[in-house]
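Structure at a glance
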Amino acid sequence: MSVSLPYLSHYPVQIQQQISTLIDKDQLGSWLRNKYPNVHTVANDNELRDYVLDLKNHYMKKTQPLSKVIYDSKIHIVNQALGLHSYVARVQGGKLKSKNELRVSTLFKQTPELFLKMIVVHELAHLKEKQHNKAFYQLCQHMLPDYHQLEFEVRVYLTELDRSGFVFIPPIT
C-alpha cells in the first residue's frame, strides 16, 4: 500500500488495498460524494439535541435523560474521538445526582445524515453499555442495522478528510 491508513488499520489487508487504490487514482472523494450526495440539515446544537432525543426516545426510552447535547469543535483534536458521552455524578444535599452529556464532533456538521446517525447511535449506546463489547454493538445494530458498514465508511471519510481536506457539499436551500 502506498499510503498509511490509520483509521482502517484493523480491517483486512484486501479492504485496505481497495481504499489505497481509490486514493492512488484520486477517486476516494468522488466515490464518497456519489454514494452520499446529500448533507444533513442538523446545523446547530438545538437541532442536534432534537435529533438525538428523537432517536433516544424511539430506541431507549428508559435510559437516563441527557442534560446536554452539543456539537464540539475540540473533540477530534483533543480526544482522538468523533463523539463523547460523559457521565457526571454530583452530590446535592443528601442525594447523588447524575447527568449525561453527549457531544458530537463538529466534523459531522456537514456530512451525510447516516454518518451523523452512526455517531449518535454509538454515543447513545454508551448510555446502556459503557464498554465496546458484544452487547454494545448489538444495541448499535438494533438502532441502526447498517451500523458496521457505516462505521467503516465514516473511517473512509476520515481517511479522505485527513488526506485531502475533503468536505461534503451542503445541499442548496
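Located above this text is the structure these notes cover.
These remarks concern the structure in this document. (Residues numbered from 1 in each chain as written. Predicted model: local features only at pLDDT ≥ 70, side-chain atom pairs only at ≥ 80, totals over all residues. Heavy atoms only, no water.)

1. Some details on the overall build of the chain
This is how it is decided: A helix here means a DSSP run of H or I that spans at least four residues, while a strand means a run of E at least two residues long, and both kinds are numbered starting from the N terminus. Only protein chains enter the accessibility calculation, which uses a 1.4 Å probe. A residue is then buried if its area is under 20% of the maximum for its type, exposed if over 50%, and partly exposed in between. Only heavy atoms matter for contacts: two residues are in contact if any of them lie within 4.5 Å across the pair.
For the chain, the count of helices and strands is 7 helices and 3 strands. Scanning the chain from its N terminus toward the C terminus, one meets helices and strands in the order α-α-α-β-α-β-β-α-α-α. Looking at the chain as a whole, 43% of its 173 residues qualify as buried. Expressed as a percentage of contacts within the chain between residues at least 6 apart in sequence, the contacts between residues at least 24 apart total 64%.

2. Things to note about the environment of Asn100
The condition that has to hold: Each polar contact in these results corresponds to two N or O atoms within 3.5 Å; when the atoms are within protein, one needs to be able to donate a hydrogen and the other to accept it, and residues that are neighboring in sequence are counted only if both atoms are side-chain atoms.
Within the secondary structure, Asn100 sits in strand 3 (residues 95–105). For the pair Asn100 and Pro65, spaced 35 residues apart in sequence, the C-alpha to C-alpha distance is 6.8 Å. Engagement of the side chain of Asn100 in a polar contact is seen with the side chain of Gln64, the distance being 2.9 Å.

3. With respect to the packing of helix 1 (residues 13–24) against helix 7 (residues 147–164)
Defined as follows: Orientation is described by axes fitted as lines to C-alpha atoms, over the contacting stretch for helices, and by angles from 0 to 180 degrees between their N-to-C directions. Left-handed describes a crossing in which the near helix is turned anticlockwise from the far one by less than a right angle; the clockwise case is right-handed.
One can describe the packing of helix 1 onto helix 7 by two numbers: an axis separation of 12 Å at closest approach and a directional angle of 40°. Classified by chirality, the crossing of helix 7 by helix 1 is right-handed. Contacts between helix 1 and helix 7 involve Ile15, Ile19 and Ile23 from the first element and Phe152, Val156, Thr159 and Arg163 from the second.

4. Re the nonpolar core
Here is the rule we go by: Joining through side-chain atoms within 4.5 Å is the link that ties buried Ala, Val, Leu, Ile, Met, Phe, Trp, Tyr and Cys residues into a set, and such a set is a nonpolar core.
One finds Val104, Phe115, Leu116 and Leu124 to be the most contacted residues of the largest nonpolar core, which totals 46 residues. At the level of secondary structure, the elements contributing two or more residues to this core comprise helix 1, helix 2 (28–35), helix 3 (45–59), strand 1 (66–72), strand 3, helix 5 (113–128), helix 6 (134–143) and helix 7.

5. Structural notes on the pattern of salt bridges
Going by this rule: In the sections that follow, a salt bridge refers to a side-chain nitrogen of Lys or Arg positioned within 4 Å of a carboxyl oxygen of Asp or Glu.
Applying the stated criterion across every chain, the model contains 6 salt bridges. Between Arg163 and Glu160 there is a salt bridge, with its nearest N and O atoms 2.8 Å apart. Pair noted here: Arg163 and Glu160 are both in helix 7, with a separation of 3 residues, about one helical turn. You can call Arg163 partly exposed: its relative accessible area is 36%. On the accessibility criterion, Glu160 (3% relative accessible area) is buried. When salt bridges with common partners are traced through the structure, they connect Asp26, Glu160 and Arg163 into a single cluster.

6. As for the packing of helix 2 against helix 7
The test is simple: Should an angle fall under 35 degrees it is taken as roughly parallel, and over 145 as roughly antiparallel, whereas 65 to 115 is taken as roughly perpendicular and any remaining angle as oblique. Each residue receives one of three labels: charged for Asp, Glu, Lys and Arg, nonpolar for Ala, Val, Leu, Ile, Met, Phe, Trp, Tyr, Cys and Pro, and polar for the others, Gly being one of them.
Their axes nearest at 10 Å, the elements helix 2 and helix 7 cross at an angle of 135°. Between helix 2 and helix 7, the angle is such that the two are oblique. In the crossing of helix 2 with helix 7, the sense of the turn from one axis to the other is left-handed. On the side of helix 2, the interface is formed by Leu28, Gly29, Trp31, Leu32 and Lys35, while helix 7 contributes Gln149, Glu153, Val156, Tyr157 and Glu160. Of the residues assigned to the contact of helix 2 with helix 7, the class counts are 5 nonpolar, 2 polar and 3 charged.

7. Focus on unusual backbone geometry
Backbone geometry at Asp26 places phi at a positive 55°, although glycine is not the residue there. Within the secondary structure, Asp26 is located in the loop between helix 1 and helix 2. On the accessibility criterion, Asp26 (55% relative accessible area) is exposed.

8. Comments concerning the packing of aromatic side chains
One pair of aromatic rings is described through two measures. These are the centre distance and the angle between the planes. We count it as follows: A pair of Phe, Tyr and Trp rings is counted when the ring centres sit within 6.5 Å of each other, with Trp represented by its six-membered ring. The angle between the planes then sorts it: under 30 degrees is stacked, over 60 is edge-to-face, the rest tilted.
The final tally for this structure, using the stated rule, is 9 aromatic pairs. Ring centres of Phe115 and Tyr157 lie 5.8 Å apart, and the angle between their planes is 45°; on these two criteria the pair is classed as tilted. Taken together, the residues span a long stretch of sequence, with Phe115 in helix 5 and Tyr157 in helix 7 at a distance of 42 residues. The residues Phe115 and Tyr157 share a single accessibility class, namely buried. Relative to Phe168, the ring of Phe115 has its centre 5.9 Å away and its plane inclined at 80°; by these criteria the two rings are edge-to-face.

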